[in-house]
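Analysis of the macromolecular model
Chain by chain, the residues:
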Amino acid sequence: MERILKEIAAVFTANGKKVFLVGGGVRDTVRGENPKDFDLATDAEPDEVCAMFRKQKYAVIPTGIKHGTVTVFFKNIAFETTTFRAESDYVDGRHPQNVSFSKSIEEDLSRRDFTMNAIAVDLPSGRLLDPFGGIADIKKRLIRCVGNPLDRFGEDGLRPLRACRFAAQLGFSADEALLAAIPQTLQTAAKVSIERVRDEFTKILLSQKPSVGLLLMEKTGLLQLFVSELADCRGVEQKGFHRFDVLDHSLLACDCTSTENCCLEVRLAALFHDIGKPSTRRLDESGVWTFYRHEHESVRLCRLILMRFRFPNTVIDTTCHLVAEHMFFYTDRWTDAAVRRFIIRVGVENLTNLYSLRRADAFATTGQPLPTGFLSDLIARVDMEIAEKRAFSLKNLAVSGKDLIGIGIKPGPRMGAILKELLDSVVRDPELNTREKLLEVAGKMQGNRNKIRTLDL
Ligand code: ATP
Ligand code: MG
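The paragraphs below set out a description of the structure included in this document. (Residues numbered from 1 in each chain as written. Chains lettered and ligands numbered in written order. Predicted model: local features only at pLDDT ≥ 70, side-chain atom pairs only at ≥ 80, totals over all residues. Heavy atoms only, no water.)

Examining the environment of Leu247
Structurally, the position occupied by Leu247 is in helix H14 (residues 246-256). Counting along the chain gives 14 residues from Leu247 to Cys233, while the straight-line C-alpha distance between them is 4.8 Å. (Helix = DSSP H or I, 4+ residues; strand = E, 2+ residues; numbered from the N terminus.)

So, the site of ligand 1
Inspection of the region around ligand 1 gives 16 residues, with Arg27, Asn117, Asp156, Arg159 and Arg165 positioned closest. Take Asp39: an N or O atom from its side chain is 3.2 Å from an oxygen atom of ligand 1. One of the backbone N or O atoms of Asp113 is found 3.1 Å from a nitrogen atom in ligand 1. The protein chains hide 80% of the 580 Å² of surface that ligand 1 would expose on its own. Here ligand 1 occupies the largest pocket. At the level of secondary structure, the elements contributing two or more residues to the shell around ligand 1 comprise helix H2 (24-30), helix H7 (159-170) and helix H10 (194-205). A domain-level breakdown of the shell around ligand 1 finds at least three residues from each of domain 1 (2-131) and domain 2 (141-226). (Near = heavy atom within 4 Å. Polar contact = N/O pair within 3.5 Å; in protein donor to acceptor, adjacent residues only side chain to side chain. Areas by Shrake-Rupley, 256 points an atom, 1.4 Å probe, with all protein chains shown as cover. 1 Å grid on protein atoms, 1.4 Å probe; cavity = no way out; pocket = protein on both sides within 12 Å on 5 of 7 lines; lining within 4 Å. Sits in = over half its atoms within 2 Å of the grid points. Domains from an automatic or database assignment.)

Re the coordination of the magnesium ion (ligand 2)
Coordination of the magnesium ion (ligand 2) by the protein comes from Asp37 (OD) and Asp39 (OD), over a distance range of 2.4 to 2.7 Å. Under the relative-accessibility criterion, Asp37 is labelled partly exposed at 38%. (Donors = N, O, S within 2.8 Å, 3.2 Å for Na, K, Ca; no water. Buried < 20%, exposed > 50% of the residue type's maximum accessible area, 1.4 Å probe, protein only.)

Here we look at the pattern of salt bridges
With the rule as written, the count across this model stands at 33 salt bridges. The shortest N-O distance in the salt bridge between Glu218 and Arg234 comes to 3.0 Å. With a gap of 16 residues between them, Glu218 in helix H11 (residues 210-220) and Arg234 in the loop between helix H13 (228-231) and H14 connect regions that are remote in the sequence. Judged by its relative accessible area of 17%, Glu218 is buried. For Arg308, the salt bridge is made with Glu229, and the minimal N-O distance between the two is 2.7 Å. Linking Arg308 in helix H17 (residues 294-308) with Glu229 in helix H13, this pair joins segments that are 79 residues apart in sequence. Of the residues examined, Glu229 reaches a relative accessible area of 15% and is grouped as buried. By sharing partners, the salt bridges in this structure join Arg152, Glu155, Asp156, Arg159 and Arg196 into a single network. (Salt bridge = Lys/Arg side-chain N within 4 Å of Asp/Glu carboxyl O.)

Describing the packing of aromatic side chains
Where two aromatic rings form a pair, the distance of their centres and the angle of their planes describe that pair. Taken as a whole and assessed by the stated rule, the structure comprises 13 aromatic pairs. Measuring from ring centre to ring centre gives 4.6 Å for Tyr58 and Phe74, while their planes differ by 40°; the resulting arrangement is tilted. Here Tyr58 is found in the loop between helix H3 (46-54) and strand E3 (59-64), whereas its partner Phe74 is found in strand E4 (residues 69-74), with 16 residues between them in sequence. Seen from their ring centres, Phe74 and Phe79 are 6.5 Å apart, and the 70° between their planes marks the pair as edge-to-face. Of the two residues, Phe74 and Phe79, both sit in the buried class. (Phe/Tyr/Trp six-rings, centres within 6.5 Å; stacked < 30°, edge-to-face > 60°.)

Remarks on the nonpolar core
Here is a general trend for soluble globular proteins: nonpolar side chains tend to be buried in one another's company. In this structure, Phe53, Phe79, Leu178 and Phe272 are the most contacted members of the largest nonpolar core, which totals 108 residues. Setting aside its immediate chain neighbours within four residues, Leu178 contacts Phe114, Ile143, Arg144, Cys145, Pro149, Phe153 and Ala163. Within the second largest apolar cluster, 17 residues are counted, among which are Ala391, Leu397, Leu404 and Met445. (Core = buried A, V, L, I, M, F, W, Y, C linked by side-chain atoms within 4.5 Å. Contact = heavy atoms within 4.5 Å.)

Structural notes on the pairing of E4
Of all six residues in E4, five are buried; the element is thus mostly enclosed. Sheet topology places E3 next to E4; four bridges connect them, and they run antiparallel. Across the sheet, residue Ile61 finds its bridge partner in E4, namely Thr71. Connecting E3 to the next strand, E4, in antiparallel fashion are four residues, including Gly68 with a positive phi near 85°. For E4 and strand E5 (residues 77-83), the ladder comprises six bridges, and the chain directions are antiparallel. Each bridged residue has a counterpart across the sheet, and for Val72 the counterpart in E5 is Phe79. Hairpin connection between E4 and E5: a loop of two residues separates the two successive antiparallel strands, and Lys75 in this loop has a positive phi of roughly 50°. (Pairing = 2+ DSSP bridges.)

A short note on the sheet that holds strand E1 (residues 19-22)
Spatial strand order, E3-E4-E5-E2-E1-E6-E7: seven strands in an open sheet with mixed pairing. Edge positions in the sheet fall to E3 and strand E7 (128-129), since each of these pairs with one other strand and no more. Examined bridge by bridge, strand E2 (residues 38-42) and E5 share five bridges and lie parallel to one another. Within the sheet, the bridge partner assigned to Thr42 lies in E5 and is Thr83.

Written as structure tokens, this is what we have:
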């Protein structure tokens, strides 16, 4: 990597320009981790950067030209390259009123959010610039603002959420003055565009321990501001087998899905699977809290929240589906057909995610390790059905619409209904899934229909 950094730096110096490695890449290197991305800061203006790399046949994409950012693709690595920025007026708390460029890296560093993000490495010399004590803060595992937190959060309302995100990602704690400034600047945070909020929220959810970031959000009022439905789960006690209130239960469930293969939809589903509980809670005659049909209310609220955050429809649909299905209770009395119906209802592609959610939910109820073999009987039976290549959808049937046309059934809703009935029959009895048998069954269905028609006449 060092070699590539020297090579890219050589392009800047040959053009009489300065260049520094900045941002997360430097922070991660100081932490002893491999940098995940490479941000460069330079005194070259964006069109100059484009020109000098294009001249050498490297691809350059103007990713954020208004903010002075272009992405240079150099030896298969994407370098986000931003022209030194000067202090600017943040009139609306969202965007600088006008971005102006600076000639000095020091000024550029002074407008960055946290000390750990305001360290620069001069290229190619490797000389470190750390005007705000970022390295010492990284050693202390501390998130501290560059300058006065009240001013900095007043300029850009996303920064408080970024602090919570870094706390969750890095396991660092936040400086007291930083924490104290968040409740006082919530009106600026409220103005931030929902897409920027969503991207930070997503990073919190995909971090090692999302609860760290979410609890900081709660403590500082950001959770109430952005996901009030979740904040409302605080203090909603459940009793029975449950050890935690609904919020702590949801956070613990969310953390537990963290291990391998964690995907955003599972994390979101774990966080919101009980979000309908506060509004469905009732005390029954024996003084026990009930949450009758809470999963329906959870799906409704979950969809509203995810739509508000403008998540893509695929993320919304998958998450809501997982929430809707999270309450299954397997017993060995399930017939093979019941196992097959379960697979069809959940969808083969969602099974692993649903198991992961169910395990997290069960663990987060008591906080005790799960009994050995939890879900393993169900999983074994599901896997067997899948290995047997059973029909789980219309396209696995041994007949198609075309075959049905061949025996005189016209395309249309009636044909759709017959195909669905055929699938139901095959789920009950997989032996029926041959062309011959299904055509016979379909013929009978059609015959019955014709008889009814004749009677009608
Ligand atoms: P990662 O890429 O891992 O999310 P990062 O620190 O590189 O972390 P980026 O969003 O890529 O974060 O931003 C690059 C750098 O730009 C940051 O390290 C920080 O110095 C600066 N920065 C980003 N967003 C802001 C902001 N809202 N206010 C001030 N400085 C910011
Ligand atoms: Mg970065």
